[in-house]
2 protein chains.
Amino acid sequence: MNPVTRMIEVRQNVLKHNDVVARELRQRFHDAGVFVVSLVSSPGAGKTALLEKTLTLLHKQSRVAALVGDLATENDAARLARSEAPVRQIVTGTVCHLEAAMIQTALEGWNLNGLDFLFVENVGNLVCPASYDLGEDLRLVLMSVTEGEDKPLKYPTIFNSADVALITKIDLKEAVEFDSAAAYRNIQAVRPGMTILEVSSKSNLGIIELLEFLNSRRAGARAVASS
Amino acid sequence: MNPVTRMIEVRQNVLKHNDVVARELRQRFHDAGVFVVSLVSSPGAGKTALLEKTLTLLHKQSRVAALVGDLATENDAARLARSEAPVRQIVTGTVCHLEAAMIQTALEGWNLNGLDFLFVENVGNLVCPASYDLGEDLRLVLMSVTEGEDKPLKYPTIFNSADVALITKIDLKEAVEFDSAAAYRNIQAVRPGMTILEVSSKSNLGIIELLEFLNSRRAGARAVASS
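Presented here is a report on the structure given in the accompanying data block. (Residues numbered from 1 in each chain as written. Chains lettered and ligands numbered in written order. Predicted model: local features only at pLDDT ≥ 70, side-chain atom pairs only at ≥ 80, totals over all residues. Heavy atoms only, no water.)

## Considerations on the pattern of salt bridges
This is how the line gets drawn: By salt bridge we mean one thing: a side-chain nitrogen of Lys or Arg within 4 Å of a carboxyl oxygen of Asp or Glu. Counting from the N terminus, the helices are the DSSP runs of H or I reaching at least four residues and the strands are the DSSP runs of E reaching at least two. Working definition: with a 1.4 Å probe on protein chains only, accessible area under 20% of the residue-type maximum means buried, over 50% means exposed, and in between means partly exposed.
Applying the stated criterion to the full structure yields 20 salt bridges over all chains. The residue Arg-218 of chain A makes a salt bridge to Asp-116 of chain A at a minimum N-O spacing of 3.2 Å. A residue pair is termed long-range when its members are at least 10 positions apart, and Arg-218 of chain A in helix H8 (residues 207–226) and Asp-116 of chain A in the loop between helix H4 (100–106) and strand S4 (117–121) qualify at 102 residues. Asp-116 of chain A gets classed as buried once you look at its relative accessible area, which sits at 11%. Lys-202 of chain A serves as the salt-bridge partner of Glu-177 of chain B, at 3.4 Å between the closest nitrogen and oxygen. One end of the pair, Glu-177 of chain B, is in the loop between strand S6 (164–168) and helix H7 (180–190); the other, Lys-202 of chain A, is in the loop between strand S7 (195–198) and H8, on a second chain. Overall, the relative accessible area of 58% leaves Glu-177 of chain B in the exposed class. Taken together, the shared-partner salt bridges connect Asp-70 and Asp-76 of chain A together with Asp-150, Lys-151 and Lys-154 of chain B into one network.

Listed below in structure tokens is the structure:
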């Protein structure tokens, strides 16, 4: 068998194993009543900045925590800790995505019953994280205006795996001549009906709307869970 | 054996196979006298815009061509074709990097003896392409000012695998409050002595310097080859 065929087969086994662990995690999150939101994007799209803003604001009204994945550094955890929410770093080494088993290990000894929201920031990558279910309730895919309007067409799998598209760094829209209509068209072409929100962690544009959206989604999930 | 251990073993075999093909490619490029430059970066760092500019300008004085890798679309090849240089697209499907064998296939029937420069634009990804030698003479890693200064520390392997760092979208430096000193420090921490060039495909800042750099590197490689 050629090595590429074997690679694909072994990869399918890894994914199957991941799905089993993700299902266990989802049940555990559900039982604890914690709403889990993951963030995926290319490197530098603004995941950490948006998460720091979100944690800081949500922390005042809800019990929030975060897990943050990175290849090599703990910089993001240090940045997020400024929000005063509990944060744990997952260092993945050379692995370009988080896996459900990494989440499970990182949560050891953590009492999830005390949480309303758990955020999971994935490794910056528009390819690898797409195939790995982390047991989350909601997956946000971020694309910054500086990356160009064509990203959904070039990375359709990750947009398909996500529930909501966030267009970030919207304060730079004019400077980079971002074409919103084209971006919306490209997102809808890949995932028709996808919710799109525009935000800027720098100017705060759209941040309140994002928090309201997350709260309403959490309320909806709890209503279904308790009915 | 657990699936992750097997994945790593199979991956090592794939990499070994890639190295063999890359060596063959390098010999073929050398024999044909073509200087091969590859570009890696995260999605949206500006590889295609920079390549379009480079091809358009180099095309006037040298014989240039390009291969461009993408998961799902042929948009980039269409953009690059405007430069009037010959361009071929490699669609990788769900594979997050180019491999030497893909280059080999894409070059079938192409007379390399007629070329001075061949550019290879990798899939937008700061992780996967790092491990795959494509037989190139020079690997450029791009990071845009909008991505933040910390990318070299977070993705050290790709910076280590590259020869030159290009800081792109330098026209947006003020708008995003980019800290050049920190970026240079982070690049040098990961790869001491690495050449760093600053460019903007929009304002043309640094483009002439980049072309001069590529020409001098090509001249140096030819001098060694013919000595």
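## Examining the sheet that holds strand S5 (residues 138–144) of chain B
Strand pairing in a sheet relies on backbone hydrogen bonds, with the paired strands running either antiparallel or parallel. All names here are of chain B. To keep it simple, the criterion reads: Each pair of strands is called paired provided DSSP finds at least two bridges between the two strands. Axes, fitted as lines to C-alpha atoms, cover a helix only where it is in contact. Angles between the N-to-C directions of the axes lie from 0 to 180 degrees. Contact criterion: two residues are considered in contact whenever any of their non-hydrogen atoms come within 4.5 Å of each other.
Across the sheet, seven strands lie side by side as S3-S2-S4-S1-S5-S6-S7; this open sheet has parallel pairing. Whereas interior strands pair on both sides, the edge strands pair on one side only; in this sheet they are strand S3 (87–91) and strand S7 (195–198). The sheet shows a mean angle of 20 degrees between the axes of neighbouring strands, taken without regard to direction. Relative to S3, strand S2 (residues 64–70) is paired through five bridges, and the arrangement is parallel. Following the sheet pairing, Asp-70 is matched in S3 by Val-91. Those strands touched by helix H2 (residues 47–58) are strand S1 (35–40), S2, S3, strand S4 (117–121), S5 and S6, and its axis lies near 170 degrees from that of S4. Packed on one face of the sheet, H7 meets S5, S6 and S7 and runs near 150 degrees to S7.

## Considerations on the relation of the copies chain B and chain A
Formally: Only residues with pLDDT of at least 70 in both copies contribute their C-alpha atoms to the least-squares superposition of the copies.
Overlay of chain B on chain A (RMSD 0.0 Å): rotation 180 degrees, translation along the axis 0.0 Å. The transformation just described matches what one would write down for a two-fold rotation axis.

## Focus on the state of the cysteines
Residue and element names in this part refer to chain A. To keep it simple, the criterion reads: For this text, the term disulfide refers to a pair of cysteine sulfurs within 2.5 Å.
Tallied over the entire structure, the rule returns two disulfides over all chains. At a sulfur-sulfur separation of 2.2 Å, the disulfide partner of Cys-96 is Cys-128. Taking the sign of the S-S torsion, -100 degrees for the link of Cys-96 and Cys-128, the bridge is left-handed. Of this pair, Cys-96 sits in the loop between strand S3 (87–91) and H4 while Cys-128 sits in the loop between S4 and strand S5 (138–144); the two residues are 32 residues apart in sequence, bridging distant segments of the chain. Neither residue differs from the other here; Cys-96 and Cys-128 are each classed as buried.

## A look at the interface of chain B and chain A
We count it as follows: The term buried area means the drop in 1.4 Å probe accessible area that two parts suffer when joined, counted for both and summed. Polar contact criterion, stated in full: a pair of N or O atoms within 3.5 Å, where within protein one must be able to donate a hydrogen and the other to accept it, and residues adjacent in sequence count only if both atoms are side-chain atoms. Residues are grouped as follows: Ala, Val, Leu, Ile, Met, Phe, Trp, Tyr, Cys and Pro are nonpolar; Asp, Glu, Lys and Arg are charged; all remaining types, including Gly, are polar.
Counting from both sides, the interface comprises 43 residues of chain B and, opposite them, 43 residues of chain A. Between chain B and chain A the total buried area reaches about 3,400 Å² when both faces are included, carbon and sulfur atoms providing 62% of it. When the buried area of chain B at its contact with chain A is split by residue, Met-7, Pro-43 and Lys-154 of chain B rank highest and sum to 17% of it. Between the two partners, chain B and chain A, sit six salt bridges. Counting every contact that joins chain B to chain A gives twelve residue pairs in polar contact (both at pLDDT 80 or more). Where the side of chain B that touches chain A is concerned, the elements lending two or more residues are helix H1 (3–32), helix H3 (75–81) and helix H5 (151–154) of chain B. A per-element tally of the side of chain B that touches chain A places H1 of chain B first, with nine residues. Among the residues forming the side of chain B that touches chain A, the class breakdown is 20 nonpolar, eleven polar and twelve charged.

Fair warning: the whole summary comes from geometry, so function is off the table for now.
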